[in-house]
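Residues per chain are reported as follows:
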Amino acid sequence: MRRTCLDVIETYIKILKYLLENDIGIDSLDDKSIYLDKDTFHKLLREFSYIDIRKQLKLWREMNFILTDKKEQRFTKKVSIDGKSYRMIVVNMEPYFVLHDEQLIEKVIKEFIIIIDLINKKKPQMIIENDNTFYINKDFFERILSQKLFLESHRKLECLRALNLILVDKDRKRFTKKVVINGIGIRKVVANKKLLEMVK
């Protein structure tokens, strides 16, 4: 499954590069995403990847490469263009500017999987398992992340956030999310358990 995820990341990078170089799609007002009609997007997925489209779409959504309406299973999002509502594929450009080196991404994903497994086995008191997430002590997580020096911790965190492997609040400068534990709000590193199981 990890190979499939890496192929999807590679496809995302190629498609974004193609869209930007050829000025395809409609830029969102905040310049953080590109709107495409479903047929154009499916054609690009077929052109740039051999993986089944439905499988790709699920991973694109889970990795935050496409933005969708919350609580819906669709792969499109309702957007407003010139005062009219349309359902479009909304390609998120933010991860593109972080994810350039595919080998580096593979290393970061591999290390993240090892870290989560290690914490679960050796330091279970430092991790709280939820339905689709793990809550991890921020300082402890960053200390472990900084032990392998193939990339500085901050860049690793940027990659993990861009891949949606760690979930954050709307403030994209942070690498933590505010969660409630025993009635108390606290900031934790929140690992996306669902996606983690997909990339293993």
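Thresholds applied
- Residues numbered from 1 in each chain as written.
- Predicted model: local features only at pLDDT ≥ 70, side-chain atom pairs only at ≥ 80, totals over all residues.
- Heavy atoms only, no water.
- Core = buried A, V, L, I, M, F, W, Y, C linked by side-chain atoms within 4.5 Å.
- Buried < 20%, exposed > 50% of the residue type's maximum accessible area, 1.4 Å probe, protein only.
- Contact = heavy atoms within 4.5 Å.
- Helix = DSSP H or I, 4+ residues; strand = E, 2+ residues; numbered from the N terminus.
- Arc of directions from axis to C-beta.
- Polar contact = N/O pair within 3.5 Å; in protein donor to acceptor, adjacent residues only side chain to side chain.
- Salt bridge = Lys/Arg side-chain N within 4 Å of Asp/Glu carboxyl O.
- Axes fitted to C-alpha atoms, helices over the stretch in contact; angles between N-to-C directions.
- Parallel < 35°, antiparallel > 145°, perpendicular 65-115°, else oblique.
- Left-handed = near helix turned anticlockwise from the far one by under 90°.
- Nonpolar A, V, L, I, M, F, W, Y, C, P; charged D, E, K, R; others polar.

**Let's talk about the nonpolar core**
Note on soluble globular proteins: their nonpolar side chains tend to be buried together. If you look at the biggest cluster of nonpolar residues, it comprises 60 residues, and the most contacted ones within it are Trp60 and Phe141. Beyond its immediate chain neighbours, meaning those up to four positions away, Trp60 contacts Val8, Thr11, Tyr12, Ile15, Phe41, Leu45, Phe65, Ile66 and Val91.

**Describing unusual backbone geometry**
In this model, Asp82 sits at a positive phi of 55 degrees, which is unusual for a non-glycine residue. Within the secondary structure, Asp82 sits in the loop between strand S4 (77-81) and strand S5 (84-92). With a relative accessible area of 75%, Asp82 lands in the exposed category. Notably, Asn164 is not glycine yet its phi reads approximately 70 degrees, a positive angle. Relative to the assigned elements, Asn164 resides in the loop between helix H6 (153-162) and strand S8 (166-167). Judged by its relative accessible area of 13%, Asn164 falls in the buried class.

**Re helix H5 (residues 138-145)**
Here H5 has its buried residues at Phe140, Phe141, Ile144 and Leu145. Viewed along the axis of H5, the buried residues span an arc of 135 degrees, placing them on a single side of the element. A distance of 3.1 Å separates the backbone nitrogen of Asp139 from a side-chain oxygen at the start of H5, and that oxygen is part of Asn137.

**What about the pattern of salt bridges?**
Within the structure shown, the criterion is met by 9 salt bridges. In this structure, the salt-bridge partner of Lys138 is Glu142, at a minimum N-O distance of 3.6 Å. Of this pair, Lys138 and Glu142 both sit in helix H5, 4 residues apart, roughly one helical turn. The exposure class assigned to Lys138 is partly exposed, which follows from its relative accessible area of 32%. For Glu142, a relative accessible area of 23% puts it in the partly exposed group. One salt-bridge network, in which partners are shared between bridges, spans Asp69, Lys77 and Arg87.

**Regarding the packing of H5 against H6**
Put simply, H5 and H6 touch, their axes get as near as 9 Å, and they point 110 degrees apart. Here H6 runs roughly perpendicular to H5, going by the angle between their axes. Handedness of the crossing formed by H5 with H6: right-handed. Note on element contacts: H6 touches H5 through Ser153, Lys156, Leu157 and Leu160, opposite Phe141, Glu142 and Leu145. Considering only residue class, the contact of H5 with H6 consists of 4 nonpolar, 1 polar and 2 charged.

**Some points on the environment of Leu45**
Within the secondary structure layout, Leu45 lies in helix H2 (residues 38-48). A residue is classified by how much of its surface remains accessible, and Leu45, at 0% relative accessible area, is buried. Sequence separation of Leu45 and Tyr12 is 33 residues, and the distance between their C-alpha atoms is 8.9 Å. Setting aside its immediate chain neighbours within four residues, Leu45 contacts Thr11, Ile15, Ile53, Gln56, Leu57 and Trp60.

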